[in-house]
Amino acid sequence: MVEQKLAPAVEMRGITKKFGDFTANDSIDLVVEKGTIHALLGENGAGKSTLMNILYGLYKPTSGEVKVNGEIVHFQGPKDAIQRGLGMVHQHFMLFQPFTVVENIILGEEPTNGIVLDKKSARKRVVELSNQYNLKIDPDAKIEDISVGMQQRVEILKALYRDAEILIFDEPTAVLTPQEIEELIDIIKALAAEGKSVIIITHKLKEIKALAEKCTIIRRGKRIGTVDVSETSEAKLAEMMVGREIKFKVDKKPKEAGEVALRVEDLHVKDVRDVEVVRGLNLEVREGEIFGIAGVDGNGQSELLEALTGLRKIESGKVIIHDKEVTGKSPRAIREAGLNNIPEDRNKRGLVPQFTVAENMILHVSKQAPYSKHGILEEEPIRDHAEALMESFDIRPRNSDYLASDLSGGNQQKVILAREIDDDPDVLIAAQPTRGLDVGAIENIHRFLVQQRDHGKAVLLISFELDEVMSLSDRIGIIYEGEITKIFREGEADQNELGYYMAGGENRE
C-alpha cells in the first residue's frame, strides 16, 4: 500500500499584490511542508512581509491562490486565519503594556464559567503552555515590567493559546540581545519538534543556517528560488538575495588617528528610576577613527547616548566636542557644535512616521534655504534633495512622497543614515546602525561609516553585534556597569577575550 503524502501546511501559488502602480509581490510561489521550519529571505522592501500579511489575512492578494492544509482559503481578516490554525508574531508586538501576561494572552478569547470570566483556568493553560515549550514566563507580570525578549514570548504564547499549528515570525530577532536570540532559536526548534510548521521572515543568514530546512528567496517582489539550507552556503544565499556577490569583510585600510574630537570626562548619569547607571565614564574618540563600544545590553549604553546627545540630564562630568564644552546643552546646540546621531530607536528618536521621506530628510534644516522661503516650504528643492539621497543610499521604493511609516524597517533606517551622514558632522554617533538591515544594506552602511572615518571624522559606534564592532572599530572600549573598563586596539582581542570583559572579568596581567 502506497503511503499518502500529507498536503503542505501552506501552499501559495502565483501571488501578486499591487498597491497602486507599485507591485510588492509578483506571481510568487511558496510551499511550506508540515512540521518544518521554512525561511523567507529577502532584502528590506523585497515583499516578504507583504506575502505573509496575505497569508495571515491582513491583505487580500490582487491575484493568486492560497491553500492551508490542502484547502483553498479566502481570508477576510486575521480572525479567519487564526480559526484555520495560523498565528503571527509581528516585529512590533501587539501588547497592552499595563495588562498582565495572562490578560494579554486571553484578550478576545476570554474563557467563561457561565457568565463569569474564568481567569483561573486561563492562567493554568498559559502556565502549561509556557512549561511545555520552555518559555519561562511569569503569567502575572505586567508587560511594561518585562524585557523585550519576554514580550516576544508572550506573543508566541498568544498564538499557541489559540491552537496555532502554523506560526509566522516576522523578523523575530531584530530587537533581541545575542542571548535572547539563542534562546529563541531553541524555542522555535522545540515548536517544530512538536509538529508545528514555522515560517520565519528574516534577512539574517546565520539564523537561517541555524534554524531552517528550506529557504525561499525573494528579490524585488519576485521569487528567485527555494533551496535546501544545509546544502547552500551563506555566501550563495546572500548572492541570491541581493543579486551580486557580497563581501563579508569590511574593506578598511590602516589610518593614523588625529586630534581628539569627542572627549567625555568622569560622566555620571541616572536612568528613569533615578539609579546611577553611568558611573564615572571616560572616553576619547579621535578624528579619523571608529571607536566601538562593546557591552551586554543594560550596562548604561542607552543612557550614555542620551546624555551625549542632550536628551538626558548629566549629573556630573563633562562632554567636549573639539575644544567646546557642550555638557547639558540642548540637542540642537550639540548638533550645531558638530555632533550628529543615528539613534538606536529609529521610530522614537529618528523619524516622524507621519511625515514623508522627503520631509524627514530635512527635519534639521527645514527653516533654511533652499528648503524654505519666507517661512514656506519649497517642494521642489526638498524633493530633489530627497531623491538624490534615496539613490545614494538605495532607499526603496524610490518615492520621496511615501510616508516614513509605510517603509520597511530597514529602509526607515537608511533614511536616518542618509540625513545624518549628508549633514557632514565632525562627530557621528552610530547606535545599532544596522539593526534590522539585510546583508546588502549592512555592507553599504559599513562602507559609509568607514568613509566618514577616512574623511577624518570621529565615529562612535555602539552595537550589540560583536562581529560588527570587531570588523569596523580601530579601537574597542568595553562598557560594564556604566564604565569603560578596558580598551583594545584593532586585532588585539578575539571574541572570547572581549566576551570575558563584557561579562565583568577582572583585568588579566
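Analysis parameters
Residues numbered from 1 in each chain as written. Predicted model: local features only at pLDDT ≥ 70, side-chain atom pairs only at ≥ 80, totals over all residues. Heavy atoms only, no water. Helix = DSSP H or I, 4+ residues; strand = E, 2+ residues; numbered from the N terminus. Rg over C-alpha atoms; globule rule 2.2 N^0.38 Å. Buried < 20%, exposed > 50% of the residue type's maximum accessible area, 1.4 Å probe, protein only. Pairing = 2+ DSSP bridges. Axes fitted to C-alpha atoms, helices over the stretch in contact; angles between N-to-C directions. Contact = heavy atoms within 4.5 Å. Salt bridge = Lys/Arg side-chain N within 4 Å of Asp/Glu carboxyl O. Phe/Tyr/Trp six-rings, centres within 6.5 Å; stacked < 30°, edge-to-face > 60°. Parallel < 35°, antiparallel > 145°, perpendicular 65-115°, else oblique. Left-handed = near helix turned anticlockwise from the far one by under 90°. Nonpolar A, V, L, I, M, F, W, Y, C, P; charged D, E, K, R; others polar.

Student: Even after reading the chapter, I still don't get the overall build of the protein, so can you show me in this structure?
Tutor: The helix and strand inventory of the protein stands at 17 helices and 24 strands. On C-alpha atoms alone, the protein measures out to a radius of gyration of 24 Å, which is about the 23 Å that the 2.2 N^0.38 rule sets for 509 residues. Considered along the principal axes of its C-alpha atoms, the protein spans approximately 80 × 50 × 50 Å. In the protein, which comprises 509 residues, the proportion classed as buried is 51%.

Student: Help me understand the sheet that holds strand E14 (residues 276-286), please; the structure alone is not making it clear to me.
Tutor: What holds strands together in a sheet is hydrogen bonding between their backbones, with the strands either parallel or antiparallel. Ordered by their spatial adjacency, four strands build an open sheet running E14-E13-E16-E17, and the pairing between neighbours is antiparallel. Unpaired on one side and paired on the other, E14 and strand E17 (324-325) mark the two borders of the sheet. Strand direction decides the pairing type here: strand E16 (residues 316-321) and E17, joined by two bridges, are antiparallel. When the bridges of E17 are listed, Ile 320 appears paired with Glu 325.

Student: Explanation requested: the sheet that holds strand E15 (residues 289-294) in the structure shown.
Tutor: Reading across the sheet, the six strands line up as E18-E21-E22-E15-E23-E24 and stay open at both edges, with mixed pairing between neighbours. Lying at the two open borders of the sheet, with one neighbouring strand each, are strand E18 (339-342) and strand E24 (483-489). For this sheet, the mean inter-axis angle between neighbouring strands, taken without regard to orientation, is 20°. Here E15 runs beside strand E22 (residues 458-462); their pairing, made up of five bridges, is parallel. Of the residues in E22, the one forming a bridge with Gly 292 is Leu 461. Here helix H14 (residues 409-422) sits on the sheet and contacts E18 and strand E21 (427-431); the angle it forms with E18, its principal contact strand, is near 170°. Sitting on the sheet, helix H15 (residues 439-454) touches E15, E21 and E22, and the angle it makes with E15 is about 125°.

Student: What is the right way to read the environment of Met 150 from this model?
Tutor: Within the element layout of this structure, Met 150 appears in helix H5 (residues 148-161). Under the relative-accessibility criterion, Met 150 is labelled partly exposed at 25%. Placed 30 residues apart in sequence, Met 150 and Glu 180 show a C-alpha to C-alpha distance of 8.9 Å. Excluding anything up to four places from it in sequence, Met 150 contacts Leu 135, Lys 136 and Ile 137.

Student: Looking at this structure, how should I read the pattern of salt bridges?
Tutor: Note on pairing: side chains with opposite charge can pair once their charged atoms come close. Applying the stated criterion to the full structure yields 37 salt bridges. Among the ionic pairs, Glu 128 bridges to Lys 124, the shortest N-O distance being 3.2 Å. Linking Glu 128 with Lys 124, this pair stays in helix H4 (residues 119-132), spanning four residues, or about one helical turn. A salt bridge links Lys 252 to Glu 490, with the shortest nitrogen-to-oxygen separation between them at 3.1 Å. Of the two residues, Lys 252 sits in the loop between helix H8 (234-242) and strand E13 (260-270) while Glu 490 sits in the loop between E24 and helix H17 (495-502), which places them 238 residues apart along the sequence. Each of the salt bridges in this network shares a partner with another, and the network as a whole consists of Glu 43, Glu 391, Asp 394, Arg 396 and Arg 398.

Student: Would you mind showing me how to read the environment of Phe 488 here?
Tutor: Among the secondary structure elements, Phe 488 is positioned in strand E24. Among the residues examined, Phe 488 registers a relative accessible area of 6% and is labelled buried. Once residues lying within four places of it in the same chain are set aside, the contact partners of Phe 488 are Asp 474, Arg 475, Ile 476, Ile 478, Ala 493, Glu 497, Leu 498 and Tyr 501.

Student: What am I meant to see in the packing of aromatic side chains here?
Tutor: Any aromatic ring pair is given by two values, namely how distant the centres are and how the planes are angled relative to each other. Per the counting criterion, the structure on display carries five aromatic pairs. Both rings, one in Phe 19 and one in Tyr 59, keep their centres 5.4 Å apart while their planes meet at 75°; by these two values the pair is edge-to-face. Residue Phe 19 is found in strand E1 (residues 10-19), and its partner Tyr 59 is found in the loop between helix H1 (48-55) and strand E4 (63-68); the two are separated by 40 residues along the sequence. The class for Phe 19 is partly exposed, based on a relative accessible area of 34%. With a relative accessible area of 31%, Tyr 59 lands in the partly exposed category.

Student: Mind showing me how you'd approach unusual backbone geometry here?
Tutor: The general pattern is negative phi for most residues beyond glycine and trans for most peptide bonds. The linkage connecting Ala 369 with the following residue, Pro 370, adopts the cis geometry, with an omega of 5°. With respect to the secondary-structure elements, Pro 370 resides in the loop between helix H12 (357-361) and strand E19 (372-373). The peptide bond linking Arg 396 to Pro 397 adopts the cis configuration, its omega dihedral lying at -10°. Position of Pro 397 among the secondary structure elements: in the loop between helix H13 (379-392) and H14. Phi is positive for Asp 163, close to 65°, though the residue is something other than glycine.

Student: In this structure, what is going on with the pairing of E1? I would like to understand it.
Tutor: Consecutive side chains of a regular strand alternate in pointing toward one face of the sheet and then the other. Sheet topology places E1 next to E4; five bridges connect them, and they run antiparallel. In the strand pairing of E4, Thr 16 is matched with Ser 63. Sheet topology places E1 next to strand E2 (residues 22-32); seven bridges connect them, and they run antiparallel. Bridge pairing in E2 links Lys 18 to Thr 23. Remark: two residues form the turn of the hairpin made by E1 and E2, two consecutive strands paired antiparallel; Gly 20 in that turn has positive phi of roughly 65°.

Student: Help me understand the packing of H14 against H15 in this model?
Tutor: Axes are the key here: two packed helices are described by the angle between their axes and the distance separating the axes. It is at 12 Å that the axes of H14 and H15 come closest, and there the two elements cross at 15°. Between H14 and H15, the crossing angle belongs to the class labelled roughly parallel. Note on packing geometry: the crossing formed by H14 with H15 is left-handed. Contacts between H14 and H15 involve Lys 414, Leu 417 and Ile 421 on the former and, on the latter, Ala 441, Ile 445, Phe 448 and Gln 452. Of the residues in the contact of H14 with H15, the class split is five nonpolar, one polar and one charged.

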